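The primary structure of each chain is shown beneath.
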Amino acid sequence: MTSRSVTVRVPAKVNVQLAVGGPRPDGFHDLANVFLAVGLYDEVTVTPADGLRITVEGRDADQVPADASNLAARAALALAARREGVTPDVHIHIVKDIPVAGGMAGGSADAAAALLACDALWGTGAGREEMLEICAELGSDVPFSLVGGAALGRGRGELLTALPVGGAFHWVFAVADGGLSTPAVYRECDRLRGDAAVPEPEPAPALLDALRTGDPVALAASLANDLQAAAVSLRPSLAATLAAGTDAGALAGLVSGSGPTCAFLAKDAESARSVAAALSASGTCRAVRVTSGPAEGATVVRQS
Ligand code: C5P
């Protein structure tokens, strides 16, 4: 039986390690990308319609394209293109809570959610492998948004290995005014490196251990993002945000992915709340969010 409406909830991510290799001939960079899904969620609802339509609500919804260039629309088109007789006549409604262009994979999350939702709506029965293949075609971070939890991403980030996590980690996110363009941040990273030799990106064993044992102090000591210098170079005010979070008692802070959101790891839930209060008072960011990870990947939460 096909459905009349399907809603999928999908988490944001933070990169606890983002090791970036040199530029590849295809313009991408090889990565050792350790993803952790965290409990900030977008919700994507699909319903049958005459043609493909996208609507977006929530904070900064006006900055999200509401046309076929939206990654969620491209997900619906990609799935329909693989099935004889399936037309992408669907209304995709996105409720945003993940910061837009914030380095938390909000657009990728919406794509993974739309794909899962359309598969359920149309009864197309794509298996996990086909879903991951379509996700990888859509963008480097999309496969992880589908699976959630924690994972190591190799290649350009799309080749995933699930990672064990021994407990919940408590995070505070400092959301900036406006976004940063991911390609621009990668370009700035290359520019800052100049002719310096770039080592092969590898996951840090101590970081993987810290995840496995659920030890926030050890994880804090291993947090690393090769894109951070580039994000701060393009948005110098992030230096003050990072300092405010550590001054506020976070174990450590880093730019999330390509930024500009800054992520702070706290010792526990109570410490996260006090870091959040101090960060809010610091005036160095637009908004502060408190949550924990790992969170589960894209999940159908309503269907009728
Ligand atoms: O894969 P996605 O479309 O999310 O990538 C957006 C942009 O980020 C790419 O066009 C590229 O400029 C940059 N990127 C990269 N290396 C990666 C992932 C993304 O250079 N591994």
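Residues numbered from 1 in each chain as written. Predicted model: local features only at pLDDT ≥ 70, side-chain atom pairs only at ≥ 80, totals over all residues. Heavy atoms only, no water.

A. Looking closely at the pattern of salt bridges. Evaluation of the coordinates by the stated rule reveals 18 salt bridges. Note that D110 and K96 form a salt bridge whose closest N and O atoms lie 2.9 Å from each other. Separated by 14 residues along the polypeptide, D110 in helix α2 (residues 106–122) and K96 in strand β4 (residues 90–96) bring together distant segments of the chain. R289 serves as the salt-bridge partner of D97, at 2.7 Å between the closest nitrogen and oxygen. Residue D97 is found in the loop between β4 and α2, and its partner R289 is found in strand β11 (residues 287–293); the two are separated by 192 residues along the sequence. The exposure class assigned to R289 is partly exposed, which follows from its relative accessible area of 24%. Each of the salt bridges in this network shares a partner with another, and the network as a whole consists of R82, R83, E130, E133 and E137. (Salt bridge = Lys/Arg side-chain N within 4 Å of Asp/Glu carboxyl O. Helix = DSSP H or I, 4+ residues; strand = E, 2+ residues; numbered from the N terminus. Buried < 20%, exposed > 50% of the residue type's maximum accessible area, 1.4 Å probe, protein only.)

B. Expanded view of the site of the ligand. Around the ligand, the surrounding shell consists of G27, F28, H29, L31, G139, S140, R156, T182, P183 and Y186. Between H29 and the ligand, the recorded distance is 2.6 Å, taken from a side-chain N or O atom to an oxygen atom. R156 places a polar main-chain atom, nitrogen or oxygen, 3.0 Å from a nitrogen atom of the ligand. Relative to its unbound accessible area of 450 Å², the ligand is 74% covered by the protein chains. The cavity that encloses the ligand is the largest pocket. Sorting the residues of the shell around the ligand by element identifies β2 (29–48) and α5 (182–193) as the ones contributing at least two each. (Near = heavy atom within 4 Å. Polar contact = N/O pair within 3.5 Å; in protein donor to acceptor, adjacent residues only side chain to side chain. Areas by Shrake-Rupley, 256 points an atom, 1.4 Å probe, with all protein chains shown as cover. 1 Å grid on protein atoms, 1.4 Å probe; cavity = no way out; pocket = protein on both sides within 12 Å on 5 of 7 lines; lining within 4 Å. Sits in = over half its atoms within 2 Å of the grid points.)

C. Expanded view of the packing of aromatic side chains. This structure, assessed with the given rule, holds two aromatic pairs. Plain terms: the ring middles of F35 and F144 are 4.6 Å apart, the flat faces sit at 5 degrees to each other, and that makes the pair stacked. Here F144 lies in helix α4 (residues 142–147) and F35 lies in strand β2, a separation of 109 residues in the sequence. Relative to F173, the ring of W171 has its centre 6.1 Å away and its plane inclined at 20 degrees; by these criteria the two rings are stacked. For the pair W171 and F173, one class covers both residues: buried. In this arrangement the basic side chain of R9 is found over the ring face of Y41, its NZ or CZ atom lying 3.8 Å from the centre. Between the NZ or CZ atom of R156 and the centre of the ring of F28, over which it lies, the distance is 5.1 Å. (Phe/Tyr/Trp six-rings, centres within 6.5 Å; stacked < 30°, edge-to-face > 60°. Lys NZ or Arg CZ within 6 Å of the ring centre and 35° of its normal.)

D. Highlighting the layout of surface pockets. The calculated volume of the largest pocket comes to roughly 1,000 Å³. Along the walls of the largest pocket sit 43 residues, with S108, D141, T182, P183 and S258 positioned nearest its centre. Taken together, the elements giving at least two residues each to the lining of the largest pocket come down to β1 (6–23), β2, α1 (71–81), α2, α3 (128–138) and α5. Looking at the lining of the largest pocket element by element, the count peaks at five residues for α5. Among the residues making up the lining of the largest pocket, the classes are represented as 16 nonpolar, 18 polar and nine charged. Built from parts of two domains, the lining of the largest pocket gets at least three residues from each of domain 1 (6–163 + 295–303) and domain 2 (169–292). (Points joined across faces, edges and corners; volume = space filled by probe spheres on them. Nonpolar A, V, L, I, M, F, W, Y, C, P; charged D, E, K, R; others polar. Domains from an automatic or database assignment.)

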